[in-house]
Amino acid sequence: MCEVCQAFSDQAMAAGEMPQSVVIPSNSPVDSLFSGTQRTDTNISVHFAGLGQGPTVFENTPSEGWTAYERARVEAALTAISNVANVTFTVTSNPDADFQLIKSAAAFNSPNSLGYFYLPNGTGRSPGVFNSDGIGWTNDGLREGGTGYATVVHELLHGLGLGHTHDGINVMDGVTQPFNDFGRNNLNQGIYSTMSYNSGLNGTDNANRGAEAGPMALDIAALQAIYGANMSHATGQDVNALATTNSDGAASISIWEAGLRTLRLIYAKQRSSTKRVAVVLYQAPTT
Ligand SMILES: [Zn+2]
């Protein structure tokens, strides 16, 4: 078995169909995503805290309230997650929900701090706080491919128990610092995991394009290991339309299709493809 991370290159894409299996050996980069905690329920309630409302647990950070657009973007991220893993999210007006979402600039002292989310503990409640002054927290940035949207997905995955690739109980092989340290096989970047601090591919994203638009391949593997796969999502012969220009809204995506039992991972740039593409992500060191 060879390492085929290069399958993401245009050359390999043009070559067509790749083996349709995902191999997760021991010492897998997926291990770096497990925080050691998870939810023990899978029907998760979500509350958007209104103006002046704080979470019911852990802290009292009042929310600025959410616009309809912001809520819709978070709900899109929740759908992107439930499409791949066996979890469901239900928005509720009950503030004492499982996920308690706060929007607050006052909770942060820099636009470089984008948000945080409490890791889960069984069926307990987790506040998540998002910086409305953070990079990418704009209408464009909250679209797929934008930094704001990637932040939402990243924080929600913390709420499900995923940790960063660069810290926690498991660190991705070869990674010693969070930024610009891509580790073994350059896997510590957004196109492989949105839990990396290196968004997109090779730092080519900006606030409005190129960032990961949902859980990426390693995230999907970790979520499915914990919660099981969503085996009813995309069971037919689906064609996935990719961006044809590298303009705002172009995104890095991973596609889970239960019908093909295949993980497709494509960097969307000036390309449209209906090829069935999957990749073997990693080979453990043999030494
Ligand atoms: Zn984080």
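In this text, all values refer to a predicted model and were calculated from it rather than measured experimentally.

Undergrad: Tell me about the overall build of the protein chain, and please be specific about residues and values.
TA: Check the secondary structure of the protein chain and you find four helices and seven strands. Starting at the N terminus, the α and β elements of the protein chain follow one another as α-β-α-β-β-β-β-α-α-β-β. Pairs at least 24 apart in sequence give 70% of the contacts found in the protein chain among residues at least 6 apart.

Undergrad: Pulling in residues and values, what's your account of the sheet that holds strand β3 (residues 99–103)?
TA: The mixed open sheet is built from five strands, whose spatial order is β2-β1-β3-β5-β4. Here the strands that pair on one side only, and so sit at the sheet edges, are β2 (88–91) and β4 (115–117). The mean inter-strand angle of the sheet, taken between neighbouring strand axes irrespective of direction, is 20°. Inspection of the sheet shows strand β1 (residues 43–48) paired to β2 by four bridges, in the parallel sense. What sits directly across from Asn 43, in β2, is Thr 88. Running at roughly 160° to β2, helix α2 (residues 68–82) makes contact with β1, β2 and β3 of the sheet. Against the sheet, helix α3 (residues 147–159) makes contact with β3, β4 and β5 (126–130), and its axis sits at roughly 20° relative to β4, the strand it touches most.

Undergrad: I'd like a rundown of unusual backbone geometry, residues and numbers included.
TA: Positive phi, close to 75°, is recorded for Phe 58, a residue that is not glycine. Residue placement: Phe 58 occurs in the loop between β1 and α2. The exposure class assigned to Phe 58 is partly exposed, which follows from the 13 C-beta atoms found within 10 Å. Of note in the backbone geometry, Asn 180 takes a positive phi value of approximately 55° without being a glycine. Residue position: Asn 180 is located in the loop between α3 and α4 (217–227).

Undergrad: I'd like a rundown of the pairing of β3, residues and numbers included.
TA: Looking along a regular strand, one sees side chains alternate from face to face of the sheet. Most of β3 sits inside the fold, with five of its five residues counted as buried. The two faces of β3 match: Phe 99, Leu 101 and Lys 103 on one face and Gln 100 and Ile 102 on the other face are all buried.

Undergrad: Please set out the confidence of the model for the protein chain residue by residue, giving values where relevant.
TA: In low-pLDDT regions, the fine details of the predicted coordinates are not to be read closely. Mean pLDDT over the protein chain: 82, with 78% of residues reaching 70 or higher. pLDDT under 50 marks residues 1–23. Its contacts with residues more than four places away, or in other chains, come to 39 contacts. Note on residues 261–287: pLDDT is under 50 here. Beyond four places in sequence and across chains, it has 81 contacts.

Undergrad: Before we move on, can you summarise the packing of α2 against α3 with the specific residues and values?
TA: In contact at an axis separation of 9 Å, α2 and α3 are set at 55° when each is read in the N-to-C sense. Between α2 and α3, the interaxial angle falls into the category oblique. In this structure, the crossing between α2 and α3 has a hand that is right-handed. Here Arg 73, Val 74, Ala 77, Leu 78, Ala 80 and Ile 81 of α2 lie close against α3, whose contacting residues are Tyr 149, Val 152, Val 153 and Leu 156. Its residues assigned to classes, the contact of α2 with α3 shows nine nonpolar, no polar and one charged.

Undergrad: Account for the nonpolar core, naming residues and giving values.
TA: Core analysis: the biggest nonpolar cluster contains 53 residues, and Ala 77, Val 153, Leu 156 and Leu 218 have the highest contact counts within it. Contributions of two or more residues to this core are made by β1, α2, β3, β5, α3, α4 and β6 (252–257). If near-sequence neighbours (up to four positions away) are discounted, Leu 218 is found in contact with Pro 29, Val 30, Leu 33, Tyr 192 and Ser 193.

Undergrad: If you had to explain the environment of Pro 29 to someone new, which residues and values would you point to?
TA: Relative to the helices and strands, Pro 29 is located in the loop between α1 (10–15) and β1. On the basis of neighbour counts, which here come to 29 C-beta atoms within 10 Å, the residue Pro 29 falls in the buried class. In this structure, the C-alpha to C-alpha distance between Pro 29 and Asn 170, residues 141 residues apart in sequence, is 9.1 Å.

Undergrad: Before we move on, can you summarise the environment of Gly 65 with the specific residues and values?
TA: Structurally, Gly 65 can be placed in the loop between β1 and α2. Given 17 C-beta atoms within 10 Å, Gly 65 falls into the partly exposed group. Separated by 17 residues in sequence, Gly 65 and Phe 48 place their C-alpha atoms 7.4 Å apart. Here Gly 65 is in contact with Gly 50, Leu 51 and Lys 103, once residues within four sequence places are set aside.

Undergrad: Before we move on, could you go through the environment of Ser 35 and cite the residues and values that matter?
TA: Tracing the backbone shows Ser 35 in the loop between α1 and β1. Using a count of 20 C-beta atoms within 10 Å as the deciding quantity, one classes Ser 35 as buried. Measuring from C-alpha to C-alpha, the distance between Ser 35 and Gly 168 comes to 6.3 Å, with 133 residues separating the pair along the chain. Dropping the residues within four chain positions of it, Ser 35 is found in contact with Leu 119, Gly 161, Leu 162, Gly 163, Gly 168 and Ile 169.

Undergrad: Outline α4, listing residues and values.
TA: The buried count for α4 comes to eight of eleven residues, which makes it a mostly enclosed element. Within α4 the residues assigned to the buried category are Ala 217, Leu 218, Asp 219, Ile 220, Ala 221, Ala 222, Leu 223 and Gln 224. Positive backbone phi, at 90°, marks Gly 228, one or two positions downstream of α4.

Reading the values: the criteria
Residues numbered from 1 in each chain as written. Predicted model: local features only at pLDDT ≥ 70, side-chain atom pairs only at ≥ 80, totals over all residues. Helix = DSSP H or I, 4+ residues; strand = E, 2+ residues; numbered from the N terminus. Contact = placed C-beta atoms within 7 Å. Pairing = 2+ DSSP bridges. Axes fitted to C-alpha atoms, helices over the stretch in contact; angles between N-to-C directions. Buried ≥ 20, exposed ≤ 12 C-beta atoms within 10 Å, placed from the backbone. pLDDT = per-residue confidence, 0-100. Parallel < 35°, antiparallel > 145°, perpendicular 65-115°, else oblique. Left-handed = near helix turned anticlockwise from the far one by under 90°. Nonpolar A, V, L, I, M, F, W, Y, C, P; charged D, E, K, R; others polar. Core = buried A, V, L, I, M, F, W, Y, C linked by C-beta atoms within 7 Å.

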